[in-house]
Amino acid sequence: MSRDNPSESKKSESKKIDNHVFLMGRPPMSEFLGVVSSQVNYDSSHISQLADDWRSANKRISDLQQSQGNAADNPAYQDVPDELKALADQALADEIFKRSFNVVKPVVRMVELDTLVVSQKHINLNYVEQLKAQLGDSPSGEEIFKTCIPIEHPMPEISASRVSANSFVFVSQSADLRVLDSTLLRPNQIQNYNTSGPMAAMLGMAVGTGSNCLNAMFVNGRMVLNNGSHRAYALRSMGITHAPCIVQQVASKDELDIVAMAEFLQNPAAFIEAPRPAMLKDYFDSELIKILPVQRKRRQIKISYTIETMDVPDF
């Protein structure tokens, strides 16, 4: 009887773990400990050390509030350079981007990465390394643009299967997997599909990924990163200080409720009113971060449906 090679087994297990960098120090402490506890397999003996680390980071944040109280206010941004304007125009004319940013008019700007206000609690460093490998050591302006604003809309691998008579499951390594839309399709919109009788309509559920670009909201005089944290981190870790970004200038709370991501909407004041909010550059401050191993996950979406048939009076 053959036995598994222990080294191969450990190697296989290690592939399922990614290192994540977590931001620490911002109240409440319970939020940080809760996020870590839900992501990392730590026993209770580590909680005391994590709490001490949070307290040290919190003191560092207090110091930053005194010395950098306006660091996020009125950030400088620039028009894209002439050699990238054609790509910027192409992005703004793209149907996927137009539908994704159809409430608040978008523009493409070069934003300063350090000044971006962030709401994401942690960054997957293994994914960051993949992005950096794709970019190479000396990426061109065009390569950086297409990484930040991928106008070709590359699709990650997504598996789809029927798991019961009325249920379908979609799985991907990408956390961007989502239901995009639901709609009623007419026969003239469908090709190469045969049914057992004349078809009046087909109910469709579109599953895929979002527009998936570097996107920020300019709100209350601050540039708040709305999507693309991993790309922003990867570029800054490579020494790149400015990057092309789709920017939306948000003028009202009604617009904000539609445009902003869920992490932001949980506590908007922490990002647009706090004297010194969390910023991308904080991920590179050793006193504000904790690198921890996180079990790799896949995103799964299950769609089920019910059919109810009845005869109703014809009034």
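Residues numbered from 1 in each chain as written. Predicted model: local features only at pLDDT ≥ 70, side-chain atom pairs only at ≥ 80, totals over all residues. Heavy atoms only, no water.

Peer 1: Sorry if this is basic, but what is going on with the overall build of the protein here?
Peer 2: Helix and strand counts for the protein come out as eleven helices and 13 strands. Judged by the C-alpha coordinates and their principal axes, the protein covers about 70 × 65 × 50 Å. Per-residue burial over the protein gives 37% buried out of 315 residues. Considering only intrachain contacts with a sequence separation of at least 6, the fraction spanning at least 24 residues in the protein is 79%. Per element, the accessible surface of the protein, about 19000 Å² overall, is 48% carbon and sulfur. Placing the 32 positive and 37 negative side-chain charges of the protein at their respective mean positions leaves the two points 4 Å apart. (Helix = DSSP H or I, 4+ residues; strand = E, 2+ residues; numbered from the N terminus. Buried < 20%, exposed > 50% of the residue type's maximum accessible area, 1.4 Å probe, protein only. Contact = heavy atoms within 4.5 Å. Areas by Shrake-Rupley, 256 points an atom, 1.4 Å probe, with all protein chains shown as cover. Lys, Arg positive; Asp, Glu negative; His and termini not counted. Charge placed at Lys NZ, Arg CZ, Asp CG, Glu CD.)

Peer 1: What's the story with the sheet that holds strand β5 (residues 158-164) in this structure? I'm lost.
Peer 2: Either a parallel or an antiparallel arrangement is found when strands of a sheet pair, and the pairing is made through backbone hydrogen bonds. As summarised here, the arrangement of the three strands in space is β5-β6-β13, forming an open sheet in which the pairing is antiparallel. Of all the strands in the sheet, the pair left with one neighbour each is β5 and β13 (299-304). Adjacent strand axes in the sheet meet at a mean angle of 20°, parallel and antiparallel pairs treated alike. For β5 and strand β6 (residues 167-172), the ladder comprises six bridges, and the chain directions are antiparallel. (Pairing = 2+ DSSP bridges. Axes fitted to C-alpha atoms, helices over the stretch in contact; angles between N-to-C directions.)

Peer 1: Whenever I open this one, the environment of F101 confuses me. Can you help?
Peer 2: Positionally, F101 belongs in the loop between α5 (95-100) and β3 (106-112). Residue F101 is classed as buried on the basis of its relative accessible area, which comes to 8%. Sequence separation between F101 and I246 is 145 residues, and the spatial gap between their C-alpha atoms is 9.2 Å. With residues up to four places along the chain from it excluded, the contact list for F101 reads P106, S211, C213, N215, I246 and Q248.

Peer 1: I keep staring at the nonpolar core and nothing clicks. Help me out?
Peer 2: Soluble globular proteins: nonpolar side chains tend toward being buried together. Ranked by size, the top nonpolar core spans 44 residues in total, and within it F97, L116, I149, L235 and Y283 carry the most contacts. Sequence-distant contacts of Y283, that is, excluding residues within four places in its chain, are made with V21, L23, V118, Q120, K121, H122, I123, Y233 and I289. Formed by 15 residues, the second largest nonpolar core is a distinct cluster that contains M24, L33, L50 and L288. (Core = buried A, V, L, I, M, F, W, Y, C linked by side-chain atoms within 4.5 Å.)

Peer 1: Would you mind going over the pattern of salt bridges with me for this structure?
Peer 2: When the charged atoms of two side chains lie near each other, side chains of opposite charge can form a pair. Inspection of every chain in the model, using the stated rule, returns 19 salt bridges. Close ionic contact of K59 with D63 constitutes a salt bridge, the shortest N to O distance being 3.6 Å. With K59 and D63 both in helix α3 (residues 47-67) and four residues apart, this pair spans about one turn of that helix. Ionic pairing is found between R222 and D73, a salt bridge with its closest N-O pair at 2.8 Å. With R222 in strand β10 (residues 222-227) and D73 in the loop between α3 and β2 (77-79), this pair connects stretches of sequence that are 149 residues apart. D73 gets classed as partly exposed once you look at its relative accessible area, which sits at 29%. Overlapping salt bridges bring together R26, R276 and D282 as one network. (Salt bridge = Lys/Arg side-chain N within 4 Å of Asp/Glu carboxyl O.)

Peer 1: Sorry, what's going on with the side chain of Q248 here?
Peer 2: Checked against the element boundaries, Q248 lands in strand β11 (residues 242-249). Ignoring sequence-local partners within four residues, the contact set of Q248 consists of F101, V104, K105, P106, N215, A216, M217, F218 and V259.

Peer 1: When you look at the sheet that holds strand β4 (residues 122-124) in this model, what are you seeing that I'm missing?
Peer 2: A sheet is described by the order of its strands in space; here three strands give the open sequence β4-β1-β12, paired in antiparallel fashion. Only two strands of the sheet have a single partner each, and these edge strands are β4 and β12 (289-295). Across this sheet, the average inter-strand angle for adjacent strands is 30°, counted without regard to direction. Where strand β1 (residues 17-23) lies against β4, three bridges are found, and the strand directions are antiparallel. Following the sheet pairing, F22 is matched in β4 by H122.

None of this, on its own, says anything about what the molecule does.
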